[in-house]
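Listed below are the residues making up each chain.
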Amino acid sequence: MKVYFCEKPSQGRDLAKVLGEEQRQKTHITVKGGHVVTWARGHLMQQAEPHDYNPANKQWIMANLPIIPSTWKMLPVDDARAQLKYIGSVLKKADEVIIATDADREGEAIAREVLDHFNYRGRISRLWASAQDEASYKKALSQLKQGPETEPLYLAQQARSRADWLVGMNLTRAYTLFGRQSMTLADGQPLSVGRVQTPVLYLVVLRDREIENFKPKDYFEVVVDTEVANGNFKAKWVVPDAHRDESGHCLDRDVAHRLAEAVRGQQGQIISARVERKKTPPPLLFSLSTLQKECSSKWGMRAQEVLDIAQKLYETYKLTSYPRSDCNYLPDEQRADVPTVLAAVAATDSGMADLVKGADPARKSRSWNSKKVAESAHHAIIPTVVHGDIGALDDKCRKVYDLIRKRYLAQFYPDYEYDRSTILVGFLDQGFAAQGNVPAVPGWKVVYGADLDDDDAKEDQQKLPRTEAGESASALDTKVNSKKTSPPAHYTDGTLLDAMKSVHKVVDPKFAPILKGTEGIGTEATRASIIETIVSRKVVRREKKFIISTDMGRKLIDLLPDSVKSPVTTAMWEMGLEQIARGQLDINVFEREVHTLVQSLVEEVKSNYTPPPEQVRETAVCPCCGGNNTAVRLFMKGKNKHVWKCEACDQWMEDVDEQPQAKKVSDAACPNCGKPFVQNQGPKGPFWSCTGYPACKTSTNDVDGEPDLNAVRSKNKKSA
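What you see is a predicted model, and the numbers here were worked out from it, not measured in a lab. Starting from 1, residues in each chain are numbered consecutively following that chain's sequence as written. For this predicted model, a pLDDT threshold of at least 70 governs which residues receive local features, and a threshold of 80 or more governs which side-chain atom pairs are given and counted, while totals over whole chains, interfaces and linings are taken from all residues. Side-chain measures here rest on the full set of heavy atoms in the structure, leaving out hydrogens and waters.

Here we look at the overall build of the protein
Summing up its helical and strand segments, the protein has 21 helices and 29 strands in all. The C-alpha atoms of the protein give 34 Å as radius of gyration, which overshoots the globular expectation for 720 residues (27 Å, by more than 25%). Here the C-alpha coordinates of the protein stretch approximately 120 × 70 × 45 Å along the principal axes. The rule is simple: take the accessible area with a 1.4 Å probe, protein chains only, and divide by the maximum for that residue type; under 20% is buried, over 50% is exposed, in between is partly exposed. Of all 720 residues assigned to the protein, the portion counted as buried reaches 50%. Residue pairs at least 24 apart in sequence account for 70% of intrachain contacts in the protein once pairs closer than 6 positions are excluded. If you sum the accessible surface of the protein, you get close to 34400 Å²; carbon and sulfur atoms cover 48% of it. Helix and strand assignments come from DSSP, with helices taken as H or I runs of at least 4 residues and strands as E runs of at least 2, each series counted from the N terminus. Every radius of gyration here is taken over C-alpha atoms, with the globule rule written as 2.2 Å times N^0.38, N being the number of residues. Every residue pair with non-hydrogen atoms within 4.5 Å of one another is taken to be in contact. Each accessible area is a Shrake-Rupley estimate made with a 1.4 Å probe; only the visible protein chains count as cover when residues are assessed.

Next comes the structure, spelled out in structure tokens:
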């Protein structure tokens, strides 16, 4: 029997239709041939918490750090047990599992961590589809990958998840405890430190401080209204080295005004005049980040919002391909699908019929590049062959779909062509330049019409008259424009995504060559959620379309060393994760590097940290269960006294002469685990509990000061 493992129920239903659905159940669908389609709901397994490794880790104590598991534990998500139970039962009968989750690291992990949980050792195949329509599934089913081929994606996700856990769990605790000593920080307020989120916060803080510290400069432009035989044009002074700053601006008002007065009414000469035919090819197809950037620029949409819409277009409406792509290209073998995709675009919206008719399916743009696609897990985001209904889309879905379909359509139109004119004219030994563009062939811009942000409409563009070198020119009038240098803008979702992806452009230049070949901070699939995380943790805030750091965010950045907050460390780790995904780096090598860094950072914090009295760790033998040094002395602020708690049996004890005072311990043994019973005081009187807690959760009534072995109650739960 084959088991097809999908990422969510809707995906399972779509695949089951293709395979021949026979009977639908809550946990699965049976299909032709006696095979089964089942599903997760995102991750069914999750990383264990620190206290799952050691109960002592429930408390945030510097002495307990670093927490570095020797063997990693994955535990079922609380509400996933029923689905896991079914999956476990069907895996026992499976001859082959076909992983049909989303084709990326997370999708691979969603399936394989469940297979590992049940120790499945049978045959594994991989269905790799970039769209969820029938044609895409049929094609993917005919080209199944072998399990070992995609297993490195799972290893990369494991490495990423563990690195995030180690950094988050250890450094959040370490710097929160340290922060409570070194800055104003309430006891219940954590300083959240993350492998990816902290460097992103650092970028925001750097930009905000750059803006605050920016000192604007006045600069001056001299513009001459110039006349030649065939017309007029405006030429701007080319500031010579003697009067220009590093940006090419003239900062001396008097120099600019004196020149303007001197040139007005003068005769000059055309130094050079040139007209060149320029061509602009259609823009590359959308990756997720370029789609998010476009939507942020046009409508101020949040990155996560755009991802959610793109996911809906892919999963619910099936009008577009897989959204979490970092690629802007298509493989050459998909050229055969072009007429079918164009027909689907027209069928989905009859208003596009004329544009589809004008497209030339035989035209090959630069977006067709199989080599570029081979470097990514997915091709660019494009329309699918599904005939949908544009009227069924809400306003935001329609906007995003419109961007995707027009970008695809543009590939089948000619290059945009324009004539660029450049004139250099001389007055009084000073040069003045003018530039203008004149559209010649509209090409792919026809697809966008008035919706396109047209470079030809920019301030410095003008239609220049025909002239030639040596021709006389007259300075009819002059004008001095007074301007100010501007600080960089605060980050928006779009520009922050850009900075995360092209991190080599915003770090110390000495690291730029190393980072230029990396994918930056985060991945296409995670960057939007990273932004939402730092917003939710109140280290940044949204102010209209801008993302601005808060006081708490700045304090956190000031507290952290460069090795934690620098994008360089994270970008290098992302490069390592990508190498693991490609089978070029052993996961153990990567994890050792993470362990070393986390350990050194924690030790550095410890060296500057003085534990408060209640966090000086005192231990003793537990008189309840006999555990060696498992009883820990704690200070209770509310009651202003010390108490003891055993990390093995979870019993609380009084502090007598700085030693744990045992409650009454019975000679009677727990029938479930054989450990002693200890007496507790409850609201209705005394009762007895097993000292084998938390593994054994057995209790009973008190009868004449002893445990009632005939009324034993157990809360032990079998794992899924």
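So much for the structure itself; the text now carries on.
Looking at helix α7 (residues 197–212)
Spacing of three or four residues puts side chains on the same side of an α-helix, whose turn is 3.6 residues. A helix is expected to reach a length of 1.5 Å times the quantity of its residues less one. The terminal C-alpha atoms of α7 lie 23 Å apart, and with 16 residues this matches the ideal 22 Å at 1.5 Å per residue to within 8%. In terms of burial, α7 is largely enclosed, as 12 of its 16 residues are buried. All of the buried residues along α7 are Gln197, Thr198, Pro199, Val200, Leu201, Tyr202, Leu203, Val204, Val205, Arg207, Asp208 and Ile211.

A closer look at the packing of helix α6 (residues 147–182) against helix α20 (residues 567–581)
All axes here are fitted lines through C-alpha atoms, helices being fitted over the stretch that makes contact, and every angle between N-to-C directions spans 0 to 180 degrees. Running from N to C, α6 and α20 point in directions that differ by 150°, and their axes come no closer than 7 Å. Viewed along their axes, α6 and α20 adopt a mutual orientation that is roughly antiparallel. Of α20, the residues touching α6 (which contributes Pro152, Leu153, Leu155, Ala156, Ala159, Arg160 and Val167) are Trp573, Leu577, Ile580 and Ala581. Put simply, angles under 35 degrees are roughly parallel, angles over 145 are roughly antiparallel, angles from 65 to 115 are roughly perpendicular, and the rest are oblique.

Considering the pairing of strand β18 (residues 546–549)
Between any two strands, at least two bridges found by DSSP are needed for them to pair. Taken together, the 2 bridges between strand β16 (residues 491–492) and β18 define a ladder with antiparallel strand orientation. For Thr492, the partnering residue across the bridge sits in β18 and is Phe546. Of the strand pairs in this sheet, strand β17 (residues 540–543) and β18 are connected by 4 bridges, and their pairing is antiparallel. Bridge pairing in β18 links Arg541 to Ile548. The loop that links β17 with its antiparallel partner β18 comprises 2 residues; one of these, Lys544, has a positive phi angle of about 60°.

Digging into the packing of aromatic side chains
Stacked, edge-to-face and tilted labels apply to pairs of Phe, Tyr and Trp rings (six-membered ring for Trp) whose centres lie within 6.5 Å, assigned for plane angles under 30 degrees, over 60, and everything in between, in that order. Counting across every chain of the model gives 8 aromatic pairs. Relative to Trp165, the ring of Trp72 lies with its centre 5.3 Å away and its plane at 85°, an arrangement referred to as edge-to-face. Placement of the pair is Trp72 in the loop between α2 (50–53) and β6 (74–76) and Trp165 in helix α6, with a sequence separation of 93 residues. Here Trp72 falls in the buried class, since its relative accessible area comes to 16%. Centre to centre, the rings of Trp444 and Tyr448 are 6.0 Å apart; their planes meet at 90°, and the pair counts as edge-to-face. Under the relative-accessibility criterion, Tyr448 is labelled buried at 11%. Three or more aromatic residues link up through ring pairs in this structure, and these residues are Tyr53, Trp72 and Trp165. We call a charge positioned over a ring when the NZ of a Lys or the CZ of an Arg lies within 6 Å of the ring centre and within 35 degrees of the ring normal. One Lys or Arg, Arg207, reaches over the ring of Tyr491 and ends 4.2 Å from the middle of that ring.

What about the nonpolar core?
Joining through side-chain atoms within 4.5 Å is the link that ties buried Ala, Val, Leu, Ile, Met, Phe, Trp, Tyr and Cys residues into a set, and such a set is a nonpolar core. In this structure, Leu171, Tyr175, Val200, Leu496 and Phe590 are the most contacted members of the largest nonpolar core, which totals 64 residues. Residue assignment for this core shows that the elements contributing at least two residues are α6, α7, α15 (493–501), α17 (527–536), α18 (551–559), α20 and α21 (587–607). Of all the elements, α6 adds the most residues to this core, at 12 residues. Residues Ala310, Val345, Cys397 and Tyr418 belong to the second largest nonpolar core, which totals 42 residues.

Description of the pairing of strand β22 (residues 652–656)
Judged from the 3 bridges that link them, strand β21 (residues 641–646) and β22 form a sheet pairing that is antiparallel. Across the sheet, residue Val643 finds its bridge partner in β22, namely Glu654. As judged from the 3 bridges shared by β22 and strand β23 (residues 659–661), these two strands associate in the antiparallel manner. Its bridge partner lying in β23, Glu654 is registered against Gln661. Following β22, the chain reverses through 2 residues before pairing antiparallel with β23; Asp657 in that reversal takes a positive phi of roughly 55°.

A few points about the sheet that holds strand β14 (residues 430–441)
In space, the 6 strands of this closed barrel follow the order β10-β11-β14-β13-β12-β15, with antiparallel pairing throughout. Each neighbouring strand pair of the sheet contributes to a mean axis angle of 35°, computed without reference to strand direction. Where strand β11 (residues 231–237) lies against β14, 2 bridges are found, and the strand directions are antiparallel. Pairing of Trp237 across the sheet is with Phe432, part of β14.

Quick look at the pattern of salt bridges
Criterion for a salt bridge: a side-chain nitrogen of Lys or Arg within 4 Å of a carboxyl oxygen of Asp or Glu. Applying the stated rule across the entire model yields 47 salt bridges. Note that Arg105 is salt-bridged to Glu578, the shortest N-O span being 3.4 Å. With Arg105 in helix α4 (residues 105–117) and Glu578 in helix α20, the pair connects residues that are 473 residues apart, well separated along the chain. The class for Glu578 is partly exposed, based on a relative accessible area of 24%. The shortest N-O distance in the salt bridge between Glu532 and Arg302 comes to 3.1 Å. Residue Glu532 is found in helix α17, and its partner Arg302 is found in the loop between α9 (288–299) and α10 (303–315); the two are separated by 230 residues along the sequence. Taking relative accessible area as the criterion, Arg302 reaches 31% and is therefore assigned partly exposed.

Here's the deal with the sheet that holds β16
Strands sit in the order β16-β18-β17 across an open sheet of 3 strands; the sheet is antiparallel. Two strands bound the open sheet, and with one partner strand each, they are β16 and β17. Lying over the sheet, α7 contacts β16, β17 and β18, oriented at roughly 90° with respect to β18.

A few points about helix α11 (residues 338–348)
Inspection of α11 places Val338, Val341, Leu342, Ala344, Val345 and Thr348 among the buried residues, and these make up the whole buried set. With its buried residues spanning 155° around the axis, α11 presents them on a single face. For α11, the secondary structure elements touched by its buried residues are α12 (353–358) and α14 (395–410). Note that the arc is computed from the directions linking the helix axis to the C-beta atoms.

Brief notes about the environment of Asn369
You can see Asn369 is positioned in the loop between α12 and α13 (370–374). Classification of Asn369 by relative accessible area gives partly exposed; the value is 24%. Measuring from C-alpha to C-alpha, the distance between Asn369 and Phe590 comes to 32 Å, with 221 residues separating the pair along the chain.

What about the side chain of Gln83?
One can find Gln83 in helix α3 (residues 81–91). Counting of polar contacts relies on pairs of N or O atoms within 3.5 Å, with two restrictions inside protein: one atom must be capable of donating a hydrogen and the other of accepting it, and residues adjacent in sequence are counted only when both atoms are side-chain atoms. Among the polar contacts made by the side chain of Gln83, one reaches the main-chain carbonyl oxygen of Trp39 at a distance of 2.9 Å. Discounting chain neighbours no more than four positions away, the residues touching Gln83 are Lys26, Thr27, Thr38, Trp39, Arg41 and Leu44.

Observations concerning the side chain of Thr630
Secondary-structure assignment places Thr630 in the loop between β19 (618–620) and β20 (631–636). Thr630 sits in the buried class, given a relative accessible area of 16%. Setting aside anything within four residues of it in sequence, one finds Thr630 in contact with Ala620, Cys622, Cys625, Lys645, Cys646, Glu647 and Ala648.

Points about unusual backbone geometry
With the exception of glycine, most residues fall at negative phi, and the peptide bonds are largely trans. Cis geometry marks the peptide bond from Leu65 to Pro66; its omega dihedral reads 0°. One non-glycine residue, Leu428, lies in positive phi territory at about 50°. For Leu428, the location among the structural elements is in the loop between β13 (416–427) and β14. Assessed through its relative accessible area of 44%, Leu428 is described here as partly exposed.

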